[in-house]
Amino acid sequence: LALGWAAWKTYLGRPETDHARCNAMGILGVGLRLSRPEEALPVLEATLALSRRYWSRGATQRDQQQKEQAILLVQTNVATCLSDLGRHDEVLVLKRE
């Protein structure tokens, strides 16, 4: 969790299109999920929204596949957090997307 906060503080000033900033948000969200899932959910949802908004298209087919895999990883983190909170209906909706 300390690493997540340190990463977030380091990259907070960068534009939201910056990969390091988005990765720092993801690290913070996963760290929070382990101990405070109710606080982690908004962080993970914001990370997913940024990933979908800025990194959903790749220049090559390989880039596209890597970006889709990254988005699926963030989406899985959100689903796991929702499950930790007992919000299983929302997990099913997210997994069907």
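See the structure printed just above.
Scope of this entry: the structure provided in the associated data block. (Residues numbered from 1 in each chain as written. Predicted model: local features only at pLDDT ≥ 70, side-chain atom pairs only at ≥ 80, totals over all residues. Heavy atoms only, no water.)

Helix and strand counts for the protein come out as 5 helices and 0 strands. In sequence order, the secondary structure elements of the protein are arranged as α-α-α-α-α. Relative to a compact globule of 97 residues, whose C-alpha radius of gyration would be 13 Å, the protein shows 13 Å and is just as compact. For the C-alpha atoms alone, the extent of the protein along its principal axes is close to 40 × 35 × 15 Å. For the protein, the accessible area works out to roughly 6100 Å², and carbon and sulfur atoms hold 54% of it. Charge-centre separation for the protein: the mean point of 13 positive side chains lies 5 Å from the mean point of 11 negative side chains. (Helix = DSSP H or I, 4+ residues; strand = E, 2+ residues; numbered from the N terminus. Rg over C-alpha atoms; globule rule 2.2 N^0.38 Å. Areas by Shrake-Rupley, 256 points an atom, 1.4 Å probe, with all protein chains shown as cover. Lys, Arg positive; Asp, Glu negative; His and termini not counted. Charge placed at Lys NZ, Arg CZ, Asp CG, Glu CD.)

Its 24 residues give helix α4 (residues 61-84) an end-to-end C-alpha distance of 35 Å, which sits within 8% of 34 Å, the value for a rise of 1.5 Å per residue. Residues of α4 that are buried: Gln64, Ile71, Val74, Gln75, Asn77, Val78, Ala79, Cys81 and Leu82. Elements that come into contact with the buried residues of α4 comprise α2 (19-35), α3 (37-54) and α5 (88-96). Immediately downstream of α4, the backbone of Gly86 shows phi near 80°, a positive value. (Expected span 1.5 Å × (residues − 1). Buried < 20%, exposed > 50% of the residue type's maximum accessible area, 1.4 Å probe, protein only. Contact = heavy atoms within 4.5 Å.)

Computed from the structure, the largest pocket encloses a volume of approximately 290 Å³. As for the largest pocket, its lining consists of 13 residues, of which Cys22, Asn23, Ser51, Ala70 and Val74 are closest to the centre. Contributions of two or more residues to the lining of the largest pocket are made by α2, α3 and α4. Looking at which element gives the most residues to the lining of the largest pocket, the answer is α4, with 6 residues. When the residues that make up the lining of the largest pocket are grouped by side-chain class, the tally is 6 nonpolar, 6 polar and 1 charged. (1 Å grid on protein atoms, 1.4 Å probe; cavity = no way out; pocket = protein on both sides within 12 Å on 5 of 7 lines; lining within 4 Å. Points joined across faces, edges and corners; volume = space filled by probe spheres on them. Nonpolar A, V, L, I, M, F, W, Y, C, P; charged D, E, K, R; others polar.)

As a further point, take α3. With 18 residues, α3 extends 25 Å between its outermost C-alpha atoms, agreeing within 8% with the 26 Å of an ideal straight helix rising 1.5 Å per residue. Restricting attention to buried positions, one finds in α3 the residues Pro37, Ala40, Leu41, Val43, Leu44, Thr47, Leu48, Leu50 and Ser51. Tucked into the core, α3 has its buried residues touching α2, α4 and α5.

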